[in-house]
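What follows is the residue order along each chain.
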2 protein chains.
Amino acid sequence: MTKSPLAPDQFPELPAIAGLRLATAQAGVKYAGRTDVMLALLDPGTTVAGVFTKSATCSAAVLDCRAKLGSPSDQPAAILVNSGNANAFTGNAGAKAVDALCDAVAKATGVDANRVFTASTGVIGEVLPHGKIAAHLDAMTANPDATLADAANAIMTTDTFPKGAHASVDIDGTKVSIAGIAKGSGMIAPDMATMLSYVFTDAKIAQNDLQNMLMDLCDQSFNAITVDSDTSTSDTLMLCATGASGVDATGSEEFQAALKSVMLDLAHQIVKDGEGATKFVEITVTGAQDDNDARKVALSIANSPLVKTAIAGEDPNWGRIVMAVGKSGAAADRDRLSIRFGDIQVASNGWVDPAYTEAAGATYMTQQNLVITTDLGIGTGSSTVWTCDLTHGYITINADYRS
Amino acid sequence: MTKSPLAPDQFPELPAIAGLRLATAQAGVKYAGRTDVMLALLDPGTTVAGVFTKSATCSAAVLDCRAKLGSPSDQPAAILVNSGNANAFTGNAGAKAVDALCDAVAKATGVDANRVFTASTGVIGEVLPHGKIAAHLDAMTANPDATLADAANAIMTTDTFPKGAHASVDIDGTKVSIAGIAKGSGMIAPDMATMLSYVFTDAKIAQNDLQNMLMDLCDQSFNAITVDSDTSTSDTLMLCATGASGVDATGSEEFQAALKSVMLDLAHQIVKDGEGATKFVEITVTGAQDDNDARKVALSIANSPLVKTAIAGEDPNWGRIVMAVGKSGAAADRDRLSIRFGDIQVASNGWVDPAYTEAAGATYMTQQNLVITTDLGIGTGSSTVWTCDLTHGYITINADYRS
């Protein structure tokens, strides 16, 4: 697979997070010649928060993780992730495979099974060969010396580059670190690529606060991206605070801002590795009746096949944005609508702007990073989402046989 | 433009509808060397019903038609349609163009302007050159001798074939005829192709009954198709009952069934001319909590880019159907879900069916007409929708510059 033209130049230098140790393995679940399992070991005192897919057909691992979120944080915890098989829509066998893996991790690591979180990503409908994975757990537990970069590589499926981001903040004179990894490469393609992200920090944050912060920030980052509007059965985002820095970051706005920057960076990298993507597009809607309506319009634009194909063709086809506003279901008034491409005023008050030229629009669209702003002119609601274009590459990747 | 591989062998032999006369003209609004205007003249006594786009950014013609639906049916009526320019998102100038055209039709034909219905389809954001159209009205009025086939051709934009359908019923010994025309070719591409359909009958049906019947049947036909999930600013469906047969068809179930068959036929032809379409797909959902939920799931499957690209690739990727069920927002229970391709049981009770083979699924998917049935297993709600696949052809058509 060719690396996405939107990929960053290199994987960032991620800091080690005190209280976290990592291991990877080649279990051969589906892929040969590469790692496909990651094990994260977290010290006692680590609080764990998680946000999962809202799919009604979610995977067995998602159901299991959700049930374990409240488990006591004075115990150690572990996270086991495999790529190549999603263990979704596998009936009872799916739940049994998750239980078997959690028990195997408990046996190998001494972590209570109730504190073992798993995730699987890859083809759906096939039983997970959990024995292949379990066979590596003793060796992984004995040598937990992998880096976050190793982990980011192990969880990839059709991703064309590993995804990582980090930040640090100074709280009361002590440095607190945040580092995270993620995979794509549609949010969105449940049989090949499912969104997973794990973010770690050595800050100390109470379980409830951690969960609330994660849910809030998820809405502004991972829930604000879309590649193709299809929602995975396995989407998982987890945030683990080891507390090993000794710094309580509860309520720190600086920490929250740093965490947000890491999550946004990872979310943007997922879009930049969207299947077939050649353009990274920020879509902002302002002047909506409320923020919910603004999000509705922004996603209607970001998910419109006609808008996305126009962007792929570098066509400044603002009429399709008008269409997407109209179909969104949000309150809108045609005659108050304004549209901008970057700083170029394209439409004002329900018609093409007198100063707009097609040439200016066409030149703008040739850029790799685009910002499209739509003002509805009826309220103060606003929202920003990120997406990519819809190209022949997407069709080629997804119209192929699975085999 | 190559004719769609799903096109019917030939345009059907449509009957003349008593009380209806037609004319077409080459006004050169955008297209050269072809007709681009249709005028329908309807005798006094004709009741007119209409269903229009729900877009919040709908065109000036849609707003005008909607306001005129209740106009007195003892007066004659007229319908004027142009292709090549949608007169949408054109601010005040758009409404003025509609008024000017209605006045011009009134002057040429003697029909009260309040009984003149217009529609425009084509590029959006450009002012309609209404004078070019008005210049042909006297000649059209003098020679209203065109056929419905002529009319079907005049309203095409990027359609690759004209669309027509008809039926007749015997009510109390008298034959009543129904004939309709439509254009696509996405429902859905507001700057190039917008759904328009006009159905005529010589039956006599009171205005309110006609409107209720049209709205009811529209939900089961035109509202049950999707090419790419994008909703036009100009979608218009009108049904005109001239009453010239002298037969009152109000309340006739036979008439309603015949009308439904005409509307379904036209709706299916629009899908079969969907941009880039190579497969015609019927998607049925049964066992849902209620019919609304069933429709939600059916459209979630029909609009999923991953389902549609899998169909394009003849890949029996039922996992993507599971995904689309899960994201639909409708009530679903993973472990009661069953899926069939035609008569092939693919999944039962939340897992792949023991008797299913990938080879059988792959063979089925090579067919041009596909039927995918999903049973949710939790209620009695059901719904059927129709769609096409998502191919390189769609990207090619829509990523091109407008020029």
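Definitions and limits used
All residue numbers refer to positions counted from 1 along the written sequence of the respective chain. In the order they appear in the text, chains get letters beginning with A and ligands get numbers beginning with 1. The predicted nature of this model means local features are confined to residues of pLDDT at least 70 and side-chain atom pairs, given and counted, to a pLDDT of 80 or more, with totals for whole chains, interfaces and linings taken over all residues. Secondary structure counts use DSSP, requiring at least four H or I residues in a row for a helix and at least two E residues in a row for a strand, with both numbered from the N terminus. Taken over C-alpha atoms, the radius of gyration is set against a globule rule of 2.2 Å times the number of residues to the power 0.38. Any residue with 12 or fewer other C-beta atoms within 10 Å of its own C-beta is exposed, any with 20 or more is buried, and the rest are partly exposed; the C-beta atoms used are placed from the backbone. What counts as a contact is two residues whose backbone-derived C-beta atoms lie within 7 Å of each other. Here the copies were fitted onto each other by least squares, based on C-alpha atoms from residues at pLDDT of at least 70 in both. At least two DSSP bridges between two strands are needed for those strands to be called paired. In this analysis an axis means a line fitted to C-alpha atoms, helices contributing only their contacting stretch, and an angle means the value between N-to-C directions, from 0 to 180 degrees. Connectivity within a nonpolar core runs through C-beta atoms within 7 Å, and the core itself is a set of buried Ala, Val, Leu, Ile, Met, Phe, Trp, Tyr and Cys residues. Here is the rule for angles: anything less than 35 degrees is roughly parallel, anything more than 145 is roughly antiparallel, 65 through 115 is roughly perpendicular, and the remaining ranges are oblique. Put simply, a crossing is left-handed when the front helix is turned counterclockwise from the back one by less than a right angle, and right-handed when it is turned clockwise. Charged means Asp, Glu, Lys or Arg here, nonpolar means Ala, Val, Leu, Ile, Met, Phe, Trp, Tyr, Cys or Pro, and polar covers whatever is left, Gly included. For every domain, the bounds stem from an assignment made automatically or drawn from a database.

A. Fine view of the overall build of chain A. Along chain A, the regular secondary structure elements total twelve helices and 16 strands. For 403 residues, the compact-globule estimate of 2.2 N^0.38 gives 22 Å, and the C-alpha radius of gyration of chain A, at 22 Å, lies within 12% of that figure. Taking the principal axes of the C-alpha coordinates as reference, chain A spans close to 70 × 55 × 35 Å. Buried positions account for 61% of the 403 residues belonging to chain A.

B. The arrangement of helix H9 (residues 305-312) of chain A in detail. Residues and elements named next belong to chain A. Within H9, eight of the eight residues are buried, leaving the element largely enclosed by the surrounding structure. Residues Pro305, Leu306, Val307, Lys308, Thr309, Ala310, Ile311 and Ala312 constitute the buried set of H9. Just beyond H9, the residue with positive phi is Glu314, at close to 55°.

C. Examining the interface of chain B and chain A more closely. Between chain B and chain A, the contact holds 50 residues from the first and 49 residues from the second. Listing elements by their share of the side of chain B that touches chain A, those giving two or more residues are helix H9 (305-312), helix H10 (318-327), strand S14 (351-352) and helix H12 (392-398) of chain B. No other element matches H10(B), which puts seven residues into the side of chain B that touches chain A.

D. Here's a closer look at the relation of the copies chain B and chain A. Superposition of chain B onto chain A requires a rotation of 180° combined with a translation of 0.0 Å along the rotation axis, giving an RMSD of 0.0 Å. What the superposition gives is, in effect, a two-fold axis relating one chain to the other. Closest to the rotation axis within chain B is the C-alpha of B:His392, separated from it by 2.9 Å. A share of 98% of interface residues in chain B that are also interface residues in chain A marks the association as one of identical surfaces.

E. How the structure looks around the sheet that holds strand S12 (residues 338-341) of chain B. Residues and elements named next belong to chain B. The strand order across the open sheet built from seven strands is S9-S16-S11-S15-S12-S13-S14, with neighbouring strands paired in mixed fashion. Two strands in the sheet have a free side with no partner beyond their single neighbour: strand S9 (225-226) and S14. Strand direction decides the pairing type here: S12 and strand S15 (residues 369-375), joined by four bridges, are antiparallel. In the strand pairing of S15, Ile339 is matched with Thr374. Across the sheet, helix H8 (residues 291-303) touches S9, strand S11 (280-288), S15 and strand S16 (381-388), and the angle it forms with S16 is around 20°.

F. Structural view of unusual backbone geometry. A positive phi angle, near 50°, is found at A:Asp172, a position not held by glycine. Relative to the elements of secondary structure, A:Asp172 occurs in the loop between strand S6 (163-171) and strand S7 (174-189). Of note in this structure, B:Asn87 is not a glycine but carries a positive phi near 45°. In this structure, B:Asn87 sits in the loop between strand S4 (77-85) and helix H2 (91-109).

G. Quick peek at the nonpolar core. By size, the foremost hydrophobic cluster in this structure holds 274 residues, and its most contacted members are A:Leu39, A:Ala40, A:Ala78, B:Leu39, B:Ala40 and B:Ala78. Once you skip the residues sitting within four places of it in the chain, B:Ala40 turns out to touch B:Leu20, B:Leu22, B:Ala78, B:Ile79 and B:Tyr198.

H. A look at the packing of helix H6 (residues 207-220) of chain B against helix H7 (residues 253-272) of chain B. Residues and elements named next belong to chain B. Interaxial distance between H6 and H7 falls to 10 Å at its minimum, and their mutual angle equals 45°. On the basis of their axis angle, the class for H6 and H7 is oblique. The interaxial crossing formed by H6 with H7 has right-handed handedness. When H6 is examined against H7, the residues Met213, Leu217 and Gln220 are found in contact with a partner set consisting of Gln256, Leu259, Lys260 and Met263. Of the residues in the contact of H6 with H7, the class split is four nonpolar, two polar and one charged.

I. Seen up close, the environment of A:Lys3. Mapped onto the elements of the fold, A:Lys3 is located in the segment before strand S1 (20-25). Beyond its immediate stretch of four places on either side in the chain, A:Lys3 contacts A:Thr160 and A:Phe161.

J. Looking closely at the sheet that holds strand S13 (residues 344-348) of chain A. Residues and elements named next belong to chain A. Pairing in this open sheet of seven strands is mixed, and the strands run S9-S16-S11-S15-S12-S13-S14 from one edge to the other. Two strands bound the open sheet, and with one partner strand each, they are strand S9 (225-226) and strand S14 (351-352). Across seven bridges, strand S11 (residues 280-288) lies against strand S15 (residues 369-375) in parallel orientation. When the sheet's bridge partners are listed, Thr286 is paired in S15 with Asp375.

K. Broad picture of helix H10 (residues 318-327) of chain A. Residues and elements named next belong to chain A. Buried residues dominate H10, accounting for ten of its ten residues. For H10, every residue scored as buried is listed here: Trp318, Gly319, Arg320, Ile321, Val322, Met323, Ala324, Val325, Gly326 and Lys327. One or two residues past the end of H10 sits Gly329, with phi positive at roughly 90°.

L. Highlighting the domain arrangement of chain A. Residue and element names in this part refer to chain A. Partitioning chain A into structural domains gives domain 1 (20-270) and domain 2 (280-398). Each of domain 1 and domain 2 has a C-alpha centre, and the two are 33 Å apart. Counting residues at the interface gives eight residues for domain 1 and ten residues for domain 2. Partitioned by chemical class, the residues of the side of domain 1 that touches domain 2 number four nonpolar, three polar and one charged.

M. Structural detail: the pairing of strand S10 (residues 236-241) of chain B. All names here are of chain B. Counted residue by residue, S10 has six buried out of six residues, so it is predominantly covered. Burial along S10 is two-sided: the face carrying Thr236, Met238 and Cys240 and the face carrying Leu237, Leu239 and Ala241 are both buried. Across six bridges, the pairing between strand S3 (residues 47-52) and S10 is antiparallel. By the bridge assignment, Thr47 is partnered in S10 with Ala241.

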